[in-house]
Amino acid sequence: MTLLVIEDHPVLRSRLMEHFTRAGFAVDAAPDGASARDYLDNRMYDVVILDLGLPDMDGIDLLARRNGGMQRCVILTARDALEDRVRGLDLGADDYVLKPFAMAELDARVRAVLRRPGSISSGILSCGRLHFDARARHASVEGRALPLSRREGMLLEELLRQSPRVVIKELLEERLYNYEEEVTPNAVEAVASRLRRKLLSAGADCRMETARGLGYRIVPSESSGERAPSQRRG
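Examining the overall build of the chain
So, step 1. For the chain, the helix and strand inventory stands at 8 helices and 13 strands.
So, step 2. Scored against the burial criterion, the 234 residues of the chain give a buried share of 49%.
So, step 3. Sequence separation of at least 24 residues holds for 60% of the intrachain contacts in the chain that already meet a minimum separation of 6.
So, step 4. Of the roughly 10900 Å² of accessible surface on the chain, 50% is carried by carbon and sulfur atoms.

Here is the structure:
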């Protein structure tokens, strides 16, 4: 999943980026409204964390001119006036978190926003005996833990969410890497190769298929009776 942090305080911005990167997001960060608009004009985000006190504009104005890339928005601000909270929610914010805050609470609120109808669910994704808990970032096969790197887990999540459809390589690059990272031509292929080997080694009854020139998909193996992948909401 992709997340944009719009926060002018450099230390807090860095902490938010680090936390949500560890949580399995591809994270971009903007220090002001102009940079935020550039990101939102060029990429679709699953959720945006928006500070209202930006140096070049009011975050409320950015929300009012809501770009197409802002799918879900959690306001993170020190403004505690009732009129600010009401205006932000009326303009389409999905939640309103006051500073100072606990990172665990913000994390829980972001996950709750992502579980709402019309957004990406963060429940348990399955294909045969392979299960991936998107919230805990934990994969298992028949109850046995399947250790994955952060990007291997992100790739598996994307493929399971879209299964049995092919996910094109360009979309996977967007979902696995933030906007500022330089992505080498074979970066996704390398992650896919490692993930495929781990699935085979663990005896998962599903397979990763390469659609040459397009991307990847994950489907049940023939031995599993071609059971359709499922998603259980947690």
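Topic: the sheet that holds strand 12 (residues 215–220)
So, step 1. In space, the 3 strands of this open sheet follow the order 10-12-11, with antiparallel pairing throughout. The open sheet has two edge strands, strand 10 (167–168) and strand 11 (206–211), and neither has a second partner.
So, step 2. In the sheet, strand 10 pairs with strand 12 via 2 bridges, with the strands oriented antiparallel. The partner of V167 across the bridge, within strand 12, is Y216.
So, step 3. Sheet strands touched by helix 8 (residues 187–202): strand 11 and strand 12. Its angle to strand 11, the strand with the most contacts, is close to 155°.

A few points about the packing of helix 6 (residues 150–162) against helix 7 (residues 169–176)
So, step 1. For the pair helix 6 and helix 7, interaxial distance at closest approach is 10 Å and the crossing angle is 130°. Relative to helix 7, helix 6 is oriented oblique. The chirality of how helix 6 crosses helix 7 is right-handed. For the pair helix 6 and helix 7, the contacting residues are R151, M154, L155 and E158 in the first and L172, R175 and L176 in the second.
So, step 2. Looking at the contact of helix 6 with helix 7, its residues break down into 4 nonpolar, no polar and 3 charged.

Conventions adopted
Residues numbered from 1 in each chain as written. Predicted model: local features only at pLDDT ≥ 70, side-chain atom pairs only at ≥ 80, totals over all residues. Heavy atoms only, no water. Helix = DSSP H or I, 4+ residues; strand = E, 2+ residues; numbered from the N terminus. Buried < 20%, exposed > 50% of the residue type's maximum accessible area, 1.4 Å probe, protein only. Contact = heavy atoms within 4.5 Å. Areas by Shrake-Rupley, 256 points an atom, 1.4 Å probe, with all protein chains shown as cover. Pairing = 2+ DSSP bridges. Axes fitted to C-alpha atoms, helices over the stretch in contact; angles between N-to-C directions. Parallel < 35°, antiparallel > 145°, perpendicular 65-115°, else oblique. Left-handed = near helix turned anticlockwise from the far one by under 90°. Nonpolar A, V, L, I, M, F, W, Y, C, P; charged D, E, K, R; others polar.

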